[in-house]
Amino acid sequence: MKIKKYIANDFQEALKMVKAEMGSNAVILHQHRVKEKGLRGLFKKSKVEVVAAVEDTPYSVPKDIITKKDINELKNLIKTIATEKNTQIFENGVKSITSKLLEYGIEKELSQLLGEGIDELDEVGKELLKKRIKAFLGAPQPLDSGKSKKVLFIGPTGVGKTTTVAKIASHLILNEGKKVMLVTADVFRIAAYEQIKSYGDILGVPVRVVSNVFEFHKLQPEFKNYDVVLIDTAGRSHKDEKRVNELKTFMKYAECDEIYLCLSATTRPQDLKEVIKKYDFAGNYKLIFTKLDETDNYSSILNAVYYSGQPISYFTNGQIVPDDLMLADSEIIFSSIVKGY
Ligand SMILES: Nc1nc2c(ncn2[C@@H]2O[C@H](COP(=O)(O)OP(=O)(O)OP(=O)(O)O)[C@@H](O)[C@H]2O)c(=O)[nH]1
Ligand SMILES: [Mg+2]
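Calculation rules
- Residues numbered from 1 in each chain as written.
- Chains lettered and ligands numbered in written order.
- Predicted model: local features only at pLDDT ≥ 70, side-chain atom pairs only at ≥ 80, totals over all residues.
- Axes fitted to C-alpha atoms, helices over the stretch in contact; angles between N-to-C directions.
- Helix = DSSP H or I, 4+ residues; strand = E, 2+ residues; numbered from the N terminus.
- Parallel < 35°, antiparallel > 145°, perpendicular 65-115°, else oblique.
- Left-handed = near helix turned anticlockwise from the far one by under 90°.
- Contact = placed C-beta atoms within 7 Å.
- Nonpolar A, V, L, I, M, F, W, Y, C, P; charged D, E, K, R; others polar.
- Expected span 1.5 Å × (residues − 1).
- Buried ≥ 20, exposed ≤ 12 C-beta atoms within 10 Å, placed from the backbone.
- Arc of directions from axis to C-beta.
- Near = placed C-beta within 6 Å.
- Pairing = 2+ DSSP bridges.
- Core = buried A, V, L, I, M, F, W, Y, C linked by C-beta atoms within 7 Å.
- Right-handed = clockwise from strand over helix to strand, strands pointing away.

### Overview of the packing of helix H12 (residues 269-278) against helix H13 (residues 299-308)
Two numbers describe a pair of packed helices, the interaxial angle and the distance between the axes. It is at 10 Å that the axes of H12 and H13 come closest, and there the two elements cross at 30°. Relative to H13, the element H12 lies roughly parallel. For the crossing formed where H12 meets H13, the hand is right-handed. Contacts between H12 and H13 involve Pro269, Leu272, Lys273 and Ile276 from the former and Ser300, Asn303, Ala304, Tyr307 and Ser308 from the latter. Grouping the constituent residues of the contact of H12 with H13 by class yields five nonpolar, three polar and one charged.

Here's what the structure looks like:
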């Protein structure tokens with residue numbers, strides 16, 4: 001791995017230097033403002049110091065070797081298997097892989113589909129399970145910055161929406177060379193604006209705050225100057241009807257090109273189902289799962305795709321911006337299931 005320090009006038013200039021020298025696979029390890037030492041430093045503008053790294057062999061997204069099946073088709077298939085095998089699984093006394101998947105926390109029908117015909121987790125069984133999980137989740141669908149301009153982030157309180165917006169903004173600027181603008185529709189929490197503004201300052205991008213969709217529309221002329229506008233929203237409890245309705249109105253008139261529903265991998269199974277049901281109004285969206293570092297059990301990810309039928313895009317696995325963001329990867333889930341076998 002190659003690691004290098006860059007000093008520039010602002011963060012954007014530093015990113016350009018990183019990209020020019022290290023290419024678009026570089027990641028920022030660390031950044032902070034520095035002032036020249038001594039009396040002279042007092043009268044000079046501070047600079048930005050950025051430490052960046054790049055792998056010697058660049059990472060490339062593995063090609064999906066299995067074609068993604070339509071989720072509704074899968075659900076029908078599961079239902080057929082479920083009726084045929086229901087009694088067998090629970091009555092034969094032997095712990096099948098299906099019951100292990102159930103114990104892990106995966107929904108009954110989905111456990112049956114994934115575990116069907118696998119008697120033990122030997123090398124062949126593991127390979128089959130890995131392929132099925134990969135086929136079920138499909139290839140990750142990240143933000144398409146070539147097509148999508150207005151991108152909205154929604155989800156329950158405290159799951160990591162704002163942090164994820166900052167991570168994605170940073171990725172778009174650094175790895176894709178895009179011009180990004182941040183908008184927050186979170187006027188609910190007092191510190192919300194300061195939080196996203198501080199990320200905007202570090203990234204060198206503008207941050208606008210809107211309290212409703214009319215204010216959002218007034219910003220439209222500004223959007224022309226940017227490739228991507230990332231819109232952060234206030235977290236709202238799915239039980240709070242009034243605030244969910246506000247979001248519905250915003251979504252209806254904001255005409256966003258992509259919507260991401262952020263969910264935490266630590267969400268309790270009974271809450272997950274309810275949350276997904278409540279966000280049904282969002283129509284087509286992509287799932288982001290946060291806080292993978294806070295649990296070893298990723299059943300909520302499989303269950304969320306199963307309940308919602310929506311594709312998965314990113315995982316986040318820590319608080320560090322921008323590092324702790326990755327493309328959703330089915331192998332992480334598979335590994336956590338077979339751990340100990
Ligand atoms: N461990 C861990 N913490 C995270 C991750 N993503 C975000 N956090 C932390 O979760 C907390 C909440 O993050 P925010 O980004 O403010 O969450 P939010 O969804 O915007 O919150 P609200 O706007 O209040 O709904 C912060 O302490 C983040 O640092 C993650 O992937 N892993
Ligand atoms: Mg937030």
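Let us keep going from here.
### What to know about unusual backbone geometry
A cis amide bond links Val321 with the next residue in sequence, Pro322, at an omega value of 5°. Tracing the chain through its elements places Pro322 in the loop between strand E10 (312-316) and strand E11 (325-327). We note that Lys291 has phi near 60°; this positive angle belongs to a residue other than glycine. Along the chain, Lys291 turns up in the loop between strand E9 (286-290) and H13.

### Some words on helix H1 (residues 11-22)
Taking 1.5 Å as the rise per residue, H1 with twelve residues should run 16 Å; its terminal C-alpha atoms sit 16 Å apart, in good agreement. Taken together, the buried positions of H1 are occupied by Phe11, Ala14, Leu15 and Val18. Viewed end-on, H1 has its buried residues packed into an arc of 100°, placing them on one side of the element.

### Side note on the site of ligand 1
Near ligand 1 you find 21 residues, and of these Gly160, Thr162, Thr163, Gly235 and Thr316 are the closest. Among the elements that make up the shell around ligand 1, the one with the highest residue count is helix H7 (residues 161-176) (three residues). Along the lines of polarity and charge, the residues of the shell around ligand 1 split into three nonpolar, eleven polar and seven charged.

### A look at the sheet that holds strand E6 (residues 207-209)
The strand order E6-E5-E7-E4-E8-E9-E10-E11 describes an open sheet built from eight strands, whose pairing is mixed. Every interior strand has two partners, whereas the edge strands, E6 and E11, have only one. Direction aside, neighbouring strands of the sheet carry axes that sit 25° apart on average. Alignment of strand E4 (residues 150-154) against strand E8 (residues 258-264), held across four bridges, turns out to be parallel.

### Observations concerning the nonpolar core
One recurring pattern in soluble globular proteins is that nonpolar side chains are buried together. Counting residues in each nonpolar core, the largest one holds 81 residues, and the members touching the most others are Ala169, Val180, Leu182, Leu230, Leu261 and Ile301. For this core, the leading source of residues is H7, giving seven residues. Setting aside anything within four residues of it in sequence, one finds Leu261 in contact with Ile154, Gly155, Tyr279, Ala282, Tyr285 and Leu287.

### A word on the environment of Ile173
Of note, Ile173 is situated in helix H7. Under the C-beta neighbour-count criterion, Ile173 is labelled buried, with 24 such atoms within 10 Å. Along the chain, Ile173 and Lys16 lie 157 residues apart, while their C-alpha atoms are 9.0 Å from each other. Once you skip the residues sitting within four places of it in the chain, Ile173 turns out to touch Leu15, Lys178, Val180 and Leu203.

### Section: the pairing of E10
The buried fraction of E10 amounts to five of the five residues, a majority that puts the element mostly inside the structure. Where the polypeptide runs from E9 across H13 and back to E10, its parallel neighbour, the crossover connection is right-handed. One ladder, built from three bridges, connects E10 with E11; its direction is antiparallel. Paired with Phe315 across the strands is Met326, a residue of E11.

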